[in-house]
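# Secondary and tertiary structure notes
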Amino acid sequence: MTPPEHPVPVVIVGAGPAGLTVGNVLRAAGIDCVVLECETRAFIEQRPRAGVIEEWAVHGLDRRGLAANLLARAERHTACEFRFEGERHRFPYGELTGRHHFVYPQPLLVTDLVREYADVRGGAIRFAVRDVRLHAVDTARPSVSYTCPDTGRREVLRCDFVAGCDGARGVSRGALPAARVRVARHDYGIGWLALLAQAPPSADSVLFGMHPDGFAGQMPRGPDVTRYYLQCPPGDDPDSWPKEHVWDQLHRRLAADGAAPLVEGPLIEKRVLDMHDYVVEPMRHGRLFLAGDAAHLVAPIAAKGMNLALHDAFLLGDALTAHLHGSPDGEARLRAYSQACLRRVWDYQEFSQWLSELYHGTATGDPFRTGTTLARLRRLFTSRHAAAAFAEQYLGTAERY
Ligand code: RFL
């Protein structure tokens, strides 16, 4: 083990949207930090995931000088379409609210954030590190150790704070003592086959298909790539879904009177996601602060996870900056961090749960749940108030959380 280096104010574990945003906020304020990432730069710049970003999150990035490419290139979406019982129902949330969604693939956002952090703001980042471990996070002098990929040696970074932004499979969450945190979990008992097709979208908006065979969704990701989802049993084997069967089910579940046929193309990603959620409370222990999927996982049902990761990162980056710059409210903002994040997290979790019934209820085979699900769907198109409430949750635009 090499001798410990000089302390760095903040070590950030994980270079996803959360970690890179925290790093960018700190660097903009002239605060030193080191990001530790277990994958290579090329890998994280290509990992396909989210696409839908809420307007407030884009404004938050923009205020921090992080949205120039996004604003120039992202598509604006103002409507989605529900298909059930062979009919199409367009939901024009832009007309209802004057607000929209941005569609910008996560790898593009991560690429922008890495470039800004490392190449423009001069932030330190170590890729492909191994075996990251957190130490003494409940003391005034925590540290983070890791194995350097080039030398194979253990390195130690002493620091004032650790930002645990290493996603659902990271190590930071494990550094919280079980007796001090509550982990609330929810399992939907549902799987989604997540697909990326090298094909233009078949409609200019997001499509949700509610069908007795199961849910199907289409999310445009750009002119040549489209994300599709097919409900499947949890733990299903993606290889049991040959491409003919995939397209057959997509055509069937998204069929509706007057709908243009789906545009087929090669499937460049095919994986099964089991739908489950968790929330860690509180998101802080001592000098360790969790942010993003490390603290809370929201199944991609409502496309909320990256938005929550950005919300946490704005709050954490700003609170750490205030504290490290000696601002009188710095300590109070760090103390308030967990609660401030969790209010939006729980709201989005509740919406995901509500939406899950809307998507999957008609495929339960239970005539009662089918009936109530269809009533819930129709209400969006028959009640102005129900439509407005849905639009607000879908866009994440409540006045307060
Ligand atoms: P990330 O993006 O997982 O980044 C964590 C980073 O930490 C690294 N890491 C480690 N580094 C060092 N040491 C370790 N021990 C480490 N372990 C892990 C990882 O390599 C990675 O680089 O977490 P972050 O920053 O919290 O961001 C969360 C989002 O990535 C996630 O919530 C979204 O992708 C969820 N999501 C969506 N969210 C939206 O808001 N809108 C969407 O449209 C949307 N669509 C989706 C999604 C997630 C999906 N999948 C794959 C689950 C669609 C899909 C299919």
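## Looking at the packing of helix α9 (residues 330-360) against helix α10 (residues 367-382)
Look at α9 against α10: their axes get within 8 Å of each other, and the N-to-C directions meet at 110°. It follows that α9 is roughly perpendicular to α10 by the angle criterion. Relative to α10, the crossing made by α9 is left-handed. Residues W354, E357 and L358 of α9 pack against R369, T373, R376, L377 and L380 of α10. Within the contact of α9 with α10, the residues separate by chemical class into four nonpolar, one polar and three charged.

## What about the site of the ligand?
The full set close to the ligand counts 36 residues, and E37, R47, R49, Q106 and M306 are the nearest of them. In this structure, an oxygen atom belonging to the ligand sits 2.6 Å away from a side-chain N or O atom of E37. Note that a nitrogen atom of the ligand is positioned 3.2 Å from one of the backbone N or O atoms of A303. Burial of the ligand by the protein chains amounts to 91% of its free accessible area of 1,000 Å². Take the shell around the ligand: its biggest share by element is four residues, from helix α8 (residues 305-324). The residue inventory of the shell around the ligand, partitioned by class, reads 17 nonpolar, nine polar and 10 charged.

## Here we look at the pattern of salt bridges
For the structure on display, the rule yields 23 salt bridges. When the shortest N-O distance is used, the salt bridge between R252 and D213 registers 2.5 Å. Of this pair, R252 sits in helix α7 (residues 243-253) while D213 sits in the loop between β13 (206-210) and β14 (216-220); the two residues are 39 residues apart in sequence, bridging distant segments of the chain. With a relative accessible area of 43%, R252 lands in the partly exposed category. Taking the relative accessible area as the measure of exposure, D213 reaches 33% and is therefore partly exposed. One continuous salt-bridge network, built from bridges that share partners, spans R41, E45 and D119.

The rules behind these values
- Residues numbered from 1 in each chain as written.
- Predicted model: local features only at pLDDT ≥ 70, side-chain atom pairs only at ≥ 80, totals over all residues.
- Heavy atoms only, no water.
- Axes fitted to C-alpha atoms, helices over the stretch in contact; angles between N-to-C directions.
- Helix = DSSP H or I, 4+ residues; strand = E, 2+ residues; numbered from the N terminus.
- Parallel < 35°, antiparallel > 145°, perpendicular 65-115°, else oblique.
- Left-handed = near helix turned anticlockwise from the far one by under 90°.
- Contact = heavy atoms within 4.5 Å.
- Nonpolar A, V, L, I, M, F, W, Y, C, P; charged D, E, K, R; others polar.
- Near = heavy atom within 4 Å.
- Polar contact = N/O pair within 3.5 Å; in protein donor to acceptor, adjacent residues only side chain to side chain.
- Areas by Shrake-Rupley, 256 points an atom, 1.4 Å probe, with all protein chains shown as cover.
- Salt bridge = Lys/Arg side-chain N within 4 Å of Asp/Glu carboxyl O.
- Buried < 20%, exposed > 50% of the residue type's maximum accessible area, 1.4 Å probe, protein only.

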